[in-house]
Amino acid sequence: SMPSAMPSSMPLSQPRSIPSVTFSEYDLFAEAVAEAGSNGKGGVFTITPNVVFNLTSENLPIVINASDTIIQCGPDGSKTNECILLGGSRHFEIAGSVTGVELKGLTFIGATDVSVGAFGSSNASATFDDCEWSGQDTSKASVLIYSGDKSTDSEVNLLPFVYRLYRN
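In what follows, the accompanying structure is described. (Residues numbered from 1 in each chain as written. Predicted model: local features only at pLDDT ≥ 70, side-chain atom pairs only at ≥ 80, totals over all residues. Heavy atoms only, no water.)

### Overview of helix α1 (residues 26–38)
Consideration 1: Look at α1: 18 Å from first C-alpha to last across 13 residues, which is about the 18 Å you get at 1.5 Å a residue.
Consideration 2: Restricting attention to buried positions, one finds in α1 the residues Tyr26, Phe29, Ala30, Val33, Ala36 and Gly37. One face of α1 carries all of its buried residues, which in axial projection span an arc of 130 degrees. Within α1, the exposed residues directed more than 90 degrees away from the buried face are Asp27, Glu31 and Ser38.
Consideration 3: A positive phi of about 65 degrees marks Gly40, the residue just after α1. (Helix = DSSP H or I, 4+ residues; strand = E, 2+ residues; numbered from the N terminus. Expected span 1.5 Å × (residues − 1). Buried < 20%, exposed > 50% of the residue type's maximum accessible area, 1.4 Å probe, protein only. Arc of directions from axis to C-beta.)

If you want it as structure tokens, here you go:
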């Protein structure tokens, strides 16, 4: 007789659950984003409110290479939750043809290089919502977009973001 239910055969159309974890330690946070990227999973990565990640030039940038990766400050992704990436050379790199990448409510201070390098393909996309950059090395752009054929390293490049950054 045929078994009436086969629990191991889940339908492929089942929506995948997006993991959500809260981090207060930089190393664990960086490792989780990297692991999700290597599995092609993405997910929601929440930084605990009122956390400062003190970075040095030894800290490699966190590479975001999975679509639907959301990195947010606190449960609602608001800058008022005060999640600060302080110092270091480069904070994030966005790689590949990822879409649905969001950085929400983060404060970036004092990067000595480009704070966020977007080195994906030209169809990649990322959203910066309620983020702030300050104390940046003035010879560098805060966000550098390189789409494989040309690099844009200018203030003009940031105009679409600036309107969202300071929105209340």
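From this point, things continue past the structure.
### Details of the side chain of Thr46
Consideration 1: Positionally, Thr46 belongs in strand β2 (residues 43–47).
Consideration 2: For Thr46, a relative accessible area of 6% gives the class buried.
Consideration 3: In terms of polar contacts, Thr46 uses its side chain to reach the side chain of Gln72, at 3.3 Å. (Polar contact = N/O pair within 3.5 Å; in protein donor to acceptor, adjacent residues only side chain to side chain.)

### Here we look at the side chain of Glu93
Consideration 1: The topology assignment puts Glu93 in strand β7 (residues 92–94).
Consideration 2: In terms of polar contacts, Glu93 uses its side chain to reach the side chain of Arg90, at 2.9 Å.
Consideration 3: Aside from chain neighbours lying at most four places away, what touches Glu93 is Pro61, Ile62, Val63, Ile64, Gly117 and Phe119. (Contact = heavy atoms within 4.5 Å.)

### Observations concerning the pattern of salt bridges
Consideration 1: Here the structure, examined in full by the defined rule, presents 4 salt bridges.
Consideration 2: One salt bridge in this structure joins Arg90 and Asp113, with 3.1 Å as the shortest N-O distance. Residue Arg90 is found in the loop between β6 (83–87) and β7, and its partner Asp113 is found in the loop between β9 (106–109) and β10 (116–118); the two are separated by 23 residues along the sequence.
Consideration 3: A salt bridge links Glu102 to Lys104; the shortest N-O distance between them is 4.0 Å.
Consideration 4: Glu102 sits in the partly exposed class, given a relative accessible area of 25%. (Salt bridge = Lys/Arg side-chain N within 4 Å of Asp/Glu carboxyl O.)

### So, the state of the cysteines
Consideration 1: Across all of its chains, the model carries 1 disulfide by this definition.
Consideration 2: Between the sulfur atoms of Cys73 and its disulfide mate Cys83 the distance is 2.1 Å. The sign of the 80 degrees torsion about the S-S bond sets the Cys73-Cys83 disulfide as right-handed. On the criterion of sequence distance, the pair formed by Cys73 in strand β5 (residues 69–73) and Cys83 in strand β6 is long-range, its members being 10 residues apart. Residues Cys73 and Cys83 agree in their burial class; the two are buried.
Consideration 3: Free cysteine Cys131: the closest other cysteine sulfur is in Cys73, separated by 9.2 Å.
Consideration 4: Given the relative accessible area of 0%, Cys131 is considered buried. (Disulfide = S-S within 2.5 Å.)

### Considerations on the packing of aromatic side chains
Consideration 1: Scanning the model with the defined rule gives 8 aromatic pairs in all.
Consideration 2: Taken together, the ring pairs in this structure connect Phe23, Tyr26, Phe29, Phe45 and Phe53 into an aromatic cluster. (Phe/Tyr/Trp six-rings, centres within 6.5 Å; stacked < 30°, edge-to-face > 60°.)

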